[in-house]
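For reference, the chains in residue letters:
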Amino acid sequence: LSAIPHPDIRARQLDCVMQVLHSSAEVLTQGWPLLITVIGSLRPQHSEGVVRTAFQALQLVLTDFLPLTPHNCLPLAVHTAAKFGSQTQDLNISLTAVGLLWNLSDYFYQNQDSLKDSIIAEPKILPDLPGYKEMSVFDKLWMCLFSRLGDLCLDPRPATRKSAGQTLFSTIAAHGSLLAVGTWQAVLWQVLFPLLDKVGIESGLASTEKSGDQLLIHHSRNTEHKQWAETQVLTISGVARVFVTKRSLLHTLGDFPKAWRLLLEHVEKLALSPTQEVSLAALKAFHEMVVSGEEVVEEKEEEPGRWSTAWKTWLSIGQKSTRPLAPNQEDSCAPTQAFLTSLAHIFPLLHPHIKAKLTLSDLTKMSAVIHACLA
């Protein structure tokens, strides 16, 4: 019946689903995957009312009956909640669906022992991640959740993006310690860095034309470009925070220096953004990364290289942002006092780690940047 496009048939189908849930949920065993699939069979032509009924059914399953469902339903539950997050008929349903994904992460956490023992035999729903064949089923389940939240961070609607972004980074912060060390590589290279790239691309393509209803939208958010700027701020701040809070764990990964370097490249690119909100957020992220390094006393082999990369990033941001304006550039392109102050505050934190390697050329360049900041 899900294949039939007529909304009235879909409405009757959902009435039957609700009846089954209310009368027979306790005795359903192998029927749960089929039931969740029926609930998640969304089509663009479905009316708001039909979507709302389907979502009520999903809420019922995920809040009241989740302990009754077999564990192989969990990846399907994640996919279905994400489907409701991305539907465009009702924004409130999308935001509530993101909340359901957070509830699912709590459920995974509370039932981690039974989930680790059980085998979720759904190869189609939990495929092998390229290069991560040894990953446990439990970790794949988390990756499934992170990936779906990452997709919602690119939703066309700013409110959905914001909610998904906050939930993604909160989930990683709250439950990331459950993951195996090797899985963290997948989190970095399959979720976080692709998200930074995609948000940057979308922001670059976003329109700078003002939105329709000026009375309802604050002037700082009245264009698509400004709305994507907020998403950029949330993303760079969130990724930097993951590097700060999970630093000792990430440090054990073989490709940590590469990840550190790539994050600093993103920081540099965003720090040179013409949007003040984005550039300041990038410097704040940079500041947090450097401060977190201060707390680690032992200097490991790659530490000098790490600080050297941070120094080069600082110098590059300083040199590029303090260049004299071209004749065709407006005064608004010049760095603000807040930007220059933030930049200057980072150097004293870097200095203890790089002072032994500073050359005369480095000092000359640094003096030129500081002089330009004061000019």
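Residues numbered from 1 in each chain as written. Predicted model: local features only at pLDDT ≥ 70, side-chain atom pairs only at ≥ 80, totals over all residues. Heavy atoms only, no water.

## Remarks on the environment of histidine 79
Now for step 1: Positionally, histidine 79 belongs in helix α4 (residues 74-86).
Now for step 2: By relative accessible area, histidine 79 is classed as partly exposed at 26%.
Now for step 3: Spatially, the C-alpha atom of histidine 79 lies 9.9 Å from that of leucine 149, the residues being 70 residues apart in sequence. (Helix = DSSP H or I, 4+ residues; strand = E, 2+ residues; numbered from the N terminus. Buried < 20%, exposed > 50% of the residue type's maximum accessible area, 1.4 Å probe, protein only.)

## Here we look at the packing of aromatic side chains
Now for step 1: The full count for this structure, using the stated rule, is twelve aromatic pairs.
Now for step 2: A ring pair is formed by tryptophan 32 and phenylalanine 65, whose centres lie 6.1 Å apart and whose planes are at 40°; its orientation type is tilted. With a gap of 33 residues between them, tryptophan 32 in helix α2 (residues 32-39) and phenylalanine 65 in the loop between α3 (48-64) and α4 connect regions that are remote in the sequence.
Now for step 3: Relative accessible area serves as the criterion here: at 11%, phenylalanine 65 is assigned to the buried category.
Now for step 4: Geometrically, the ring pair formed by tryptophan 314 and phenylalanine 347 is tilted, given 5.2 Å between the ring centres and 40° between the ring planes. One end of the pair, tryptophan 314, is in helix α14 (residues 303-321); the other, phenylalanine 347, is in helix α15 (residues 337-354), and 33 residues separate them in sequence. (Phe/Tyr/Trp six-rings, centres within 6.5 Å; stacked < 30°, edge-to-face > 60°.)

## As for the layout of surface pockets
Now for step 1: By volume, the second largest pocket amounts to about 260 Å³.
Now for step 2: In this structure, the second largest pocket is lined by 18 residues; those nearest its centre are Gly200, Ser203, Gln232, Lys269 and Leu270.
Now for step 3: Those elements that place two or more of their residues in the lining of the second largest pocket are α9 (181-205), α10 (224-245) and α12 (256-271).
Now for step 4: Taken together, the residues of the lining of the second largest pocket sort by class into seven nonpolar, nine polar and two charged. (1 Å grid on protein atoms, 1.4 Å probe; cavity = no way out; pocket = protein on both sides within 12 Å on 5 of 7 lines; lining within 4 Å. Points joined across faces, edges and corners; volume = space filled by probe spheres on them. Nonpolar A, V, L, I, M, F, W, Y, C, P; charged D, E, K, R; others polar.)

## Section: the nonpolar core
Now for step 1: Formed by 108 residues in total, the largest nonpolar core has its most connected members in Leu21, Phe108, Phe243 and Trp314.
Now for step 2: The element best represented in this core is α9, accounting for ten residues.
Now for step 3: Those residues in contact with leucine 21 that sit more than four places away from it in its chain are Trp32, Leu35, Ala57, Leu60, Val61 and Phe65. (Core = buried A, V, L, I, M, F, W, Y, C linked by side-chain atoms within 4.5 Å. Contact = heavy atoms within 4.5 Å.)

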